[in-house]
Amino acid sequence: MSTYSLGSQDPELARLELQAEFLDGPTRLLLAQSGIAAGMRVLDLGSGLGHVSRAVGDLVGLGGEVVGLDADARMVAAARERTTEPHVHFVQGDVATWTDDDPFDAVVGRLILFHLPDPATALRHHLAGIRPGGRIVALDYDIGAIRCDPAEPLSTRLGALVLAAFRAVGADPTIGAHLQDIVASAGAEAVTGLGIAPYLPLGSPTGPAMLAGVVRSLAPAMVGHGLVTLEQLDLDTLERRISEALEASGSVLVPPNLVGAWGRRP
Ligand SMILES: C[S@@+](CC[C@H](N)C(=O)[O-])C[C@H]1O[C@@H](n2cnc3c(N)ncnc32)[C@H](O)[C@@H]1O
């Protein structure tokens, strides 16, 4: 069963689109660095709208194959609609239990372990479906790296609320800091990794849009856990207020790091 706390309603799909555009460059760099290469058969865990599956599809080429796996039927349908590559497919299933008859050369997953109650066990399950010597590649956030510089009160408070809300729903928003250890404890060897962030210029609309978007998707959890009220959030004006507050204090929003950790099946 999906444990995804942000849902699959239209605003969350729009947020995932914006986030995927923002993370496209770092994701492709990390995937290439991790050893995903032409001809591989690759499983993408928690494929969402299919952005990572398609990026992997570019790396493996038409001689390879990508299977995107997601528990949410709406995500699977949306990923299929957005994908024309004949070697990139999507299936519905739970990453905790799904298996395939044929082995994979690699398993990747972006922003999925973050949401799982036991990420190492999920990875261990998929390590068994990789051929010996094949690769396991985890990409996830270290949201602890988010800040604004110089510090500005509204964005600082919202950043802390986002961390608290993810923790309240059982997600691990700083999992990136521990990703190599999780991949190693799943049984992979020769584990290594790298974390990068797409920095933003002063006045960029991207930071406020992303921060307001994740607050919007987490608002039910924030309110439900008594962290804040809807009146305090005032979601309809939030993005504009973040932009104005950053501009007034000459602050840039520093995004979270996208961390990659990878190793191989013994
Ligand atoms: C934050 S989205 C990331 C989507 C995509 N990997 C990306 O980086 O753009 C997390 C995705 O994982 C899926 N998901 C969450 N828990 C899952 C589970 N237990 N099994 C399969 N998919 C799951 C959600 O439905 C959602 O599409």
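First, a word on scope: everything that follows refers to the structure included in this document. Because the structure is a prediction, the values reported are computed rather than measured.

### Things to note about the side chain of Ser217
Thought 1: The topology assignment puts Ser217 in helix 7 (residues 206–224).
Thought 2: When near neighbours in sequence (up to four residues on either side) are disregarded, Ser217 contacts Leu6, Glu12 and Arg15.

### Some words on the site of the ligand
Thought 1: Lining the immediate environment of the ligand, one finds 21 residues, of which Gly46, Asp70, Asp94, Val95 and Arg110 sit closest.
Thought 2: Contact distances for the ligand include 2.6 Å between an oxygen atom and a side-chain N or O atom of Asp70.
Thought 3: When the ligand is considered free in solution it has 600 Å² of accessible area, and contact with the protein chains removes 98% of it.
Thought 4: In terms of residue class, the shell around the ligand is made up of ten nonpolar, seven polar and four charged.

### Concerning the sheet that holds strand 7 (residues 189–196)
Thought 1: Strand order in this open sheet of seven strands is 3-2-1-4-5-9-7, and the pairing throughout is mixed. Only two strands of the sheet have a single partner each, and these edge strands are strand 3 (88–92) and strand 7. Neighbour-to-neighbour, the strand axes of the sheet open up by a mean angle of 20°, direction not taken into account.
Thought 2: In terms of strand pairing, strand 2 (residues 65–70) meets strand 3 through five bridges, oriented parallel. Among the inter-strand pairings, Gly68 is bridged to a residue of strand 3, identified as Phe90.
Thought 3: Contacts between helix 2 (residues 51–60) and the sheet are confined to strand 1 (41–45), strand 2, strand 3 and strand 4 (104–110), with strand 2 contributing the most and set at about 170° to the helix.

### Side note on empty space enclosed by the protein
Thought 1: Following the criterion strictly, the structure yields one cavity of 30 Å³ or more and no others.
Thought 2: Within this model, the largest cavity holds a volume of roughly 30 Å³.
Thought 3: In terms of lining residues, the largest cavity is bounded by Leu45, Val107, Val108, Gly109, Ile112, Leu113, Leu123, Ile136, Val137 and Ala138.
Thought 4: Of all the secondary-structure elements, those providing two or more residues to the lining of the largest cavity are strand 4 and strand 5 (130–142).

### Brief notes about the packing of helix 1 (residues 10–34) against helix 3 (residues 73–82)
Thought 1: Closest axis-to-axis distance for the helix 1/helix 3 pair is 12 Å, and the angle between their directions is 50°. Accordingly, the angle class assigned to the pair helix 1 and helix 3 is oblique. Read as a crossing pair, helix 1 and helix 3 show a hand that is right-handed. Across the interface between the two elements, Asp10, Leu13, Leu16 and Glu17 from helix 1 touch Arg74, Met75 and Arg82 from helix 3.

### Digging into the nonpolar core
Thought 1: Core analysis: the biggest nonpolar cluster contains 77 residues, and Leu31, Ile36, Val56, Phe166, Val215, Met222 and Leu233 have the highest contact counts within it.
Thought 2: For this core, the element with the highest residue contribution is helix 7, accounting for eight residues.
Thought 3: Discounting residues that sit within four places of it in the chain, Ile36 has contacts with Leu31, Val56, Leu59, Val60, Ala106, Val108 and Val137.
Thought 4: Counting residues in hydrophobic clusters, the runner-up holds five residues, among them Leu13, Leu16, Leu49 and Met75.

### Concerning the pairing of strand 1
Thought 1: Taken across its five residues, strand 1 has five buried, putting it largely inside the fold.
Thought 2: Here strand 1 shows two buried faces, one formed by Arg41, Leu43 and Leu45 and the other by Val42 and Asp44.
Thought 3: At this point the chain moves from strand 1, through helix 2, to the parallel strand 2, and the crossover so formed is right-handed.
Thought 4: In this structure, strand 1 lies alongside strand 4, joined through four bridges in parallel fashion. Across the sheet, the residue bridging to Leu45 is Gly109, located in strand 4.

### What to know about the pairing of strand 5
Thought 1: Across the 13 residues that make up strand 5, a large majority, ten, are buried.
Thought 2: Regarding topology, helix 4 (residues 119–127) serves as the crossover connection from strand 4 to the parallel strand 5, and that connection is right-handed.
Thought 3: Summarising the sheet, strand 5 and strand 9 (residues 257–264) pair through eight bridges and their orientation is antiparallel. Each bridged residue has a counterpart across the sheet, and for Asp142 the counterpart in strand 9 is Asn257.

### Structural notes on the environment of Ser155
Thought 1: Within the element layout of this structure, Ser155 appears in helix 5 (residues 153–168).
Thought 2: On a C-alpha basis, the gap between Ser155 and Leu211 in space is 8.1 Å, while along the polypeptide they are 56 residues apart.
Thought 3: The contacts of Ser155, once residues within four sequence positions are left out, are Cys148, Leu211, Ile242, Leu246 and Leu253.

Cut-offs applied
- Residues numbered from 1 in each chain as written.
- Predicted model: local features only at pLDDT ≥ 70, side-chain atom pairs only at ≥ 80, totals over all residues.
- Heavy atoms only, no water.
- Helix = DSSP H or I, 4+ residues; strand = E, 2+ residues; numbered from the N terminus.
- Contact = heavy atoms within 4.5 Å.
- Near = heavy atom within 4 Å.
- Polar contact = N/O pair within 3.5 Å; in protein donor to acceptor, adjacent residues only side chain to side chain.
- Areas by Shrake-Rupley, 256 points an atom, 1.4 Å probe, with all protein chains shown as cover.
- Nonpolar A, V, L, I, M, F, W, Y, C, P; charged D, E, K, R; others polar.
- Pairing = 2+ DSSP bridges.
- Axes fitted to C-alpha atoms, helices over the stretch in contact; angles between N-to-C directions.
- 1 Å grid on protein atoms, 1.4 Å probe; cavity = no way out; pocket = protein on both sides within 12 Å on 5 of 7 lines; lining within 4 Å.
- Points joined across faces, edges and corners; volume = space filled by probe spheres on them.
- Parallel < 35°, antiparallel > 145°, perpendicular 65-115°, else oblique.
- Left-handed = near helix turned anticlockwise from the far one by under 90°.
- Core = buried A, V, L, I, M, F, W, Y, C linked by side-chain atoms within 4.5 Å.
- Buried < 20%, exposed > 50% of the residue type's maximum accessible area, 1.4 Å probe, protein only.
- Right-handed = clockwise from strand over helix to strand, strands pointing away.

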